Amino acid sequence: MPRRMLLPVLFLLAAAPALAEGPKIALVAPQTGPFAMLGNQMRDGASLAAKKLGLELAMIEESCEPGSGPAIARQVQESGSKAAIGFLCSESLDGALPLLKDAGIPAVTLSVRWKGVMEDALKNGWPLFRMAPTTDDEAERLSEVILRDWSGKAFALIEDGTIHGRELTETIRNALEERGLKPVFTDTFRPGQEQQVALVRRLKKAGATHVFIGGDRTDVAIIARDALAEGTALTLMGGEAMNAADTPVPLADGVLAVTLPDYAALPAAQAVVAELKAAGIEPEGYVLPGHAAVTAVAEAAGAAGALSLPLAQALGEAHFDTVIGPIAFDEQHELTDNPYRLLEWRQGAFVAPPAPGQ
């Protein structure tokens with residue numbers, strides 16, 4: 001039996017006594033300053049999971065300042081922690097990872113997406129695992145969706161001229177053209193306008209029926225509103241920027257987005273969501289990922305104890321069932337499953353779109 005399959009099996013057989021002596025886990029997260037709210041979200045979720053598992057958390061302040069990494073690593077080591085989770089900022093990992101490697105302490109970031117930090121970690125053997133999407137995952141999933149659902153459709157690619165909008169749209173365009181799929185229309189529109197009627201008319205003239213928009217939610221909402229007013233039927237889709245406040249222009253039902261799901265709506269999260277709400281905690285932001293990270297480390301510790309493996313190796317080779325769904329890491333220490341999902345705006349929330357034919 002392959003070890004990646006063996007670890008979960010042995011964990012089920014031997015985890016109970018291992019978890020009874022579970023590891024102390026460091027939570028590296030801002031406790032003060034402008035990012036304290038995000039740090040508190042991590043703490044709320046991680047604390048609930050640790051309490052239920054009988055584990056101790058060591059709270060390590062994360063300032064997100066350049067050069068702060070070595071001090072954080074020393075505090076993690078001095079706390080007696082066997083793993084560290086959190087790490088909102090890349091500055092905290094810079095300088096911390098070499099020291100954590102020397103101490104045999106794996107780090108799990110819930111936030112940092114920068115590709116370079118993982119490239120350096122793999123090159124140097126630093127024990128870093130990423131529970132956040134990479135900078136490539138959004139474009140990869142968008143390209144997959146367009147290839148799957150819009151092949152044979154007259155589609156357009158438009159963007160708002162910002163660095164992110166332009167680079168995202170160009171990456172998608174290149175990926176599609178490599179597979180022989182070309183848009184009928186491309187354009188850069190001016191963002192932040194009160195209306196986009198002229199853009200809608202250009203799309204109609206080009207014969208576009210499906211449009212990817214590399215822009216923010218408000219611009220997409222205005223384009224959707226103006227298309228409806230013009231009687232132009234357009235299927236619109238945006239990226240992660242769509243996951244924002246539904247103001248000042250409400251988003252029309254039927255607009256698509258490739259973004260991260262609402263973890264609080266997942267079936268696996270319902271029991272924990274109820275516990276959090278009963279305690280007056282909204283399960284938003286990093287709350288549920290924080291809970292999931294503690295669960296993964298605890299289960300990996302059980303498997304590591306059963307097989308006499310380093311904790312970092314167990315983290316990299318086992319599968320974990322968590323409140324945000326199954327988690328596993330590939331050989332690059334990234335999530336094996338791209339976390340972005342195709343969602344559709346319906347009655348005030350992004351939900352899974354209906355299956356074809358429904």
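Conventions adopted
- Residues numbered from 1 in each chain as written.
- Predicted model: local features only at pLDDT ≥ 70, side-chain atom pairs only at ≥ 80, totals over all residues.
- Heavy atoms only, no water.
- Pairing = 2+ DSSP bridges.
- Helix = DSSP H or I, 4+ residues; strand = E, 2+ residues; numbered from the N terminus.
- Axes fitted to C-alpha atoms, helices over the stretch in contact; angles between N-to-C directions.
- Contact = heavy atoms within 4.5 Å.
- Buried < 20%, exposed > 50% of the residue type's maximum accessible area, 1.4 Å probe, protein only.
- Arc of directions from axis to C-beta.
- Expected span 1.5 Å × (residues − 1).
- Parallel < 35°, antiparallel > 145°, perpendicular 65-115°, else oblique.
- Nonpolar A, V, L, I, M, F, W, Y, C, P; charged D, E, K, R; others polar.

> Help me get a handle on the sheet that holds strand E8 (residues 210–214), residues and values and all.
On the basis of which strands lie adjacent, the open sheet formed by seven strands has the order E7-E6-E8-E9-E10-E13-E14 and mixed pairing. The sheet is open, and its two borders are formed by strand E7 (185–188) and strand E14 (349–351), each paired with just one other strand. The mean angle between the axes of side-by-side strands here comes to 25 degrees, regardless of whether they run parallel or antiparallel. Relative to strand E10 (residues 256–259), strand E9 (residues 235–238) runs parallel, the two being bridged by two bridges. When the bridges of E10 are listed, Met 237 appears paired with Leu 256. Packed on one face of the sheet, helix H10 (residues 217–229) meets strand E6 (155–159), E8, E9, strand E13 (341–346) and E14 and runs near 175 degrees to E9.

> Describe the sheet that holds strand E3 (residues 83–86), with residues and values.
Read across the sheet, five strands follow the order E2-E1-E3-E4-E5 without closing on themselves; strand pairing throughout is parallel. With one partner strand each, in any of the chains shown, strand E2 (57–61) and strand E5 (128–130) form the two edges of the open sheet. Strand after strand, the sheet turns through a mean of 25 degrees between neighbouring axes, direction not considered. In the packing of helix H2 (residues 36–53) onto the sheet, the strands contacted are strand E1 (25–29), E2 and E3, and the crossing angle to E1 comes to about 165 degrees. Contacts from helix H3 (residues 69–78) reach E1, E2 and E3 within the one sheet, and its direction differs from that of E2 by about 160 degrees.

> Which residues make up H3, and what values do they have?
Listed in full, the buried residues belonging to H3 are Gly 69, Ile 72, Ala 73 and Val 76. Within H3, the buried residues cover an arc of 100 degrees as seen down the axis, which keeps them to one side. If you follow the buried residues of H3, they end up packed against E1, E2, E3, helix H4 (90–93) and helix H5 (96–103). At the C-terminal side of H3, Gly 80 shows a positive phi close to 85 degrees.

> A description of helix H7 (residues 137–149) should follow, citing residues and the corresponding values.
When the terminal C-alpha atoms of H7 are compared, their 18 Å separation across 13 residues agrees well with the 18 Å that a helix rising 1.5 Å per residue should span. Of the positions making up H7, those classed as buried are Asp 137, Glu 138, Ala 139, Arg 141, Leu 142, Ser 143, Val 145 and Ile 146. On its buried side, H7 packs onto E6, helix H8 (163–178), E8, E9, E10 and E13.

> Kindly report on the packing of H2 against helix H11 (residues 270–278), identifying the contributing residues and their values.
Following both chains from N to C, one finds H2 and H11 inclined at 110 degrees, their axes separated by 11 Å at the closest point. One way to sum up the angle between H2 and H11 is to call them roughly perpendicular. In this structure, H2 uses Asp 44, Leu 48 and Lys 52 to contact H11, whose residues at the interface are Val 272, Glu 275 and Leu 276. For the contact of H2 with H11, the residue count by class is three nonpolar, no polar and three charged.

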